[in-house]
Every structure is written in C-alpha cells, then in structure tokens.
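# Per-entry structural report
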Amino acid sequence: MNGSIALPKEQLRVKHKAPNHQPTQQLQSWILRVLVYAAAIFTFSVLLFLIGYILIRGIPYLTPDLFSLEYTSENCSMLPSIITTVEMTLLCLVIAIPISVFTAIYLVEYAKKGNKLVGLMRLTAETLSGIPSIVYGLFGMLFFVTQLGWKLSLLSGSLTLSIMILPLIMRSTEEALLAVPDTYREASFGLGAGRLRTVFRIVLPSAMPGILAGIILAVGRIVGETAALIYTAGTATELPSSLLSSGRTLAVHMYCLSSEGLHTDQAYATAVVLLLIVLAMNTISALIARKLTKK
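Residues numbered from 1 in each chain as written. Predicted model: local features only at pLDDT ≥ 70, side-chain atom pairs only at ≥ 80, totals over all residues. Heavy atoms only, no water.

### What to know about the pattern of salt bridges
Inspection of the entire model under this criterion finds five salt bridges. With a closest N to O distance of 2.8 Å, glutamate 109 and arginine 185 form a salt bridge. Placement of the pair is glutamate 109 in helix H3 (residues 79-110) and arginine 185 in helix H7 (residues 182-190), with a sequence separation of 76 residues. Glutamate 109 gets classed as buried once you look at its relative accessible area, which sits at 8%. Accessibility expressed as a relative area gives 10% for arginine 185, which makes it buried. For arginine 171, the salt bridge goes to glutamate 174, with nearest N and O atoms at 3.2 Å. Of this pair, arginine 171 and glutamate 174 both sit in helix H6 (residues 154-179), three residues apart, roughly one helical turn. Under the relative-accessibility criterion, glutamate 174 is labelled buried at 2%. (Salt bridge = Lys/Arg side-chain N within 4 Å of Asp/Glu carboxyl O. Helix = DSSP H or I, 4+ residues; strand = E, 2+ residues; numbered from the N terminus. Buried < 20%, exposed > 50% of the residue type's maximum accessible area, 1.4 Å probe, protein only.)

The following block contains the structure:
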C-alpha cells in the first residue's frame, strides 16, 4: 500500500474509436444520384431531340397528296402503306399471340420443375430473340417465298414476322404469369376449381397487363421492321388484293423514299406519321393496361 489507487482493468483499456465513414458514404451517394439524374436527363433530351427533329423536318410536307388512295411517282402517297401496315400487324398478332401465350402457360402452369423440355424451349426462345432480322428475312425468302411458292406476299411477311415476335411475347407472358401470387391459385383450388379454370379465370386476367405490354412491344417491332419484309413481303406500292399479294409497310415505304434520294422530304413526313402511330398505340395500351389493373 504505497498510496496508489488501483484502477479497474476496464478503465485501463484503450478504447479505439471506429473511423467515421459517414462523410464518404454521403459523397458516394451524392455522386451516384448525380450520375442517375444525368443519365435520365441525357436519355430524355435525346428522345426530345429526335422527336423534335422529325416533326420540324416532316410536318411542313404533310400534304393531302400523301394520303391519296393510289400511289404515284408524283404524290408518293403513304395511305396504301398505312393500310398494309395495319393488315400486316393484325395477321402477325393473330398467328403469334395464341402460340406464344399457350406456350408460356404450359411452361409456367403445367410443366414440371426440372423438365428438360422446358429448359430446351427457353434456350430456343432466347436464341431466337437474339437472331438479327436480316437472317429472318433470308430464311423467309428461302422457305416461304421460294420453297413454298408463296412469292413476295403478305402471308410470307406475316409468317416471318410472327416467328420474330414469338419469343418476345412468350417471355413477357411467362414473366407475367410468374408474377401472379401463388395464393390466387391456392384459393381457386380450395374453392374446387380445376387447373384449367384457374388458369383462364384467375391467373390470366391477373397477368393481362404484363401480357399486353409484351404484345405492344411486339407491335412496335412489327411496325418498325424493314429488312425482313423487303425479302418476304416486297415493296409493291399498291394495295394488296389478297394474302398472296405483295405490299409495303410504312417503314418500308419510308426506307424506299429515303434510299431513292428523290423524295427525302416525303420520307420525313412519313416518319412523322409513323411516330404518331407508335405514340398512339403506346397511349392506348397504357390506358387498357390501367383499366385491367383496376379491375
């Protein structure tokens, strides 16, 4: 006992303070936020620039002659191409939607987990979605136009485009079906409904907004496709009289006008109409999806 006071060991320990990373984290968060806002502003600015440039260049040349029923070298009418675009789109959807939707229903609702056929079908769909459109056009020309003897026609073009949009609609439908909660199915089974009734009365209506989104994306690809249709549907300027008649869609019409170099102004006017059609389809689809979601 020499007068010293023994301190507890807890007080003798040196407490190391953890470094304060809060300023660094705030700086990183601020940088990421700036990058996200900059990317969004850049994307929106590019979209506005494209729309504005097309409208400025094309609106002054929207004349009544462009909407004549018959195409001539003087009026460069786009009305036959608009009608052909509508017919081509409807044909493709009638062919592709049932096949792709029923395939997705089988993959999600009926196929067993770990089934090799399911893996093969999904691999095939992913492979088809990555093939360039020019390859589809060459296939359609060799098979539908040449081998089957359908020549350049609406039927050849619509079947070629249907193969193109099959994986897009199928994958979107599959994701929409997977997003439906399993409790919906269990409740339907608990009430005594069978699998078929559950799929068509419960699951499909709940997944309809997602399915519709995939269909709208497919419509956009049909409307904007040129390479595959040049090889399969042709570039005829008159209205097709039957499924085996040739015709040009609005996108092909715009490509032909711009590539000739003689009607560039009319090509910009056609681009304005094509842009308005795409915007109208997106608006209508959004309204339909909103109504289906509310139900």
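More follows now that the structure is in view.
### Examining the layout of surface pockets
Reported here for the largest pocket is a volume of approximately 200 Å³. Taken together, Leu107, Val108, Glu109, Tyr110, Ala111, Lys112, Lys113, Gly114, Val118, Arg122 and Leu178 make up the full set of residues lining the largest pocket. When residues of the lining of the largest pocket are traced back to their parent elements, those giving at least two are H3 and helix H4 (116-129). Top element by residues in the lining of the largest pocket is H3. It accounts for four residues. Considered class by class, the residues forming the lining of the largest pocket number six nonpolar, one polar and four charged. Quantified by volume, the second largest pocket comes out at close to 170 Å³. As for the second largest pocket, its lining consists of Ile54, Met254, Ser258, Thr264, Ala267, Tyr268, Ala271, Leu274 and Leu275. The set of elements that each furnish at least two residues to the lining of the second largest pocket consists of helix H10 (250-260) and helix H11 (264-294). Ranked by the residues each element gives to the lining of the second largest pocket, the list is headed by H11, at six residues. (1 Å grid on protein atoms, 1.4 Å probe; cavity = no way out; pocket = protein on both sides within 12 Å on 5 of 7 lines; lining within 4 Å. Points joined across faces, edges and corners; volume = space filled by probe spheres on them. Nonpolar A, V, L, I, M, F, W, Y, C, P; charged D, E, K, R; others polar.)

### So, the packing of H3 against H4
Packed helices, taken two at a time, are described by their axes: the angle between them and the distance between them. In the contact formed by H3 and H4, the axes pass within 10 Å of each other and the chain directions differ by 140°. Taken together, the axes of H3 and H4 lie oblique to each other. Crossing hand, H3 versus H4: left-handed. Side by side, H3 and H4 meet where Thr103, Tyr106 and Leu107 of the first sit next to Leu117, Val118, Met121 and Arg122 of the second. Counted by class, the contact of H3 with H4 contains five nonpolar, one polar and one charged residues. (Axes fitted to C-alpha atoms, helices over the stretch in contact; angles between N-to-C directions. Parallel < 35°, antiparallel > 145°, perpendicular 65-115°, else oblique. Left-handed = near helix turned anticlockwise from the far one by under 90°. Contact = heavy atoms within 4.5 Å.)

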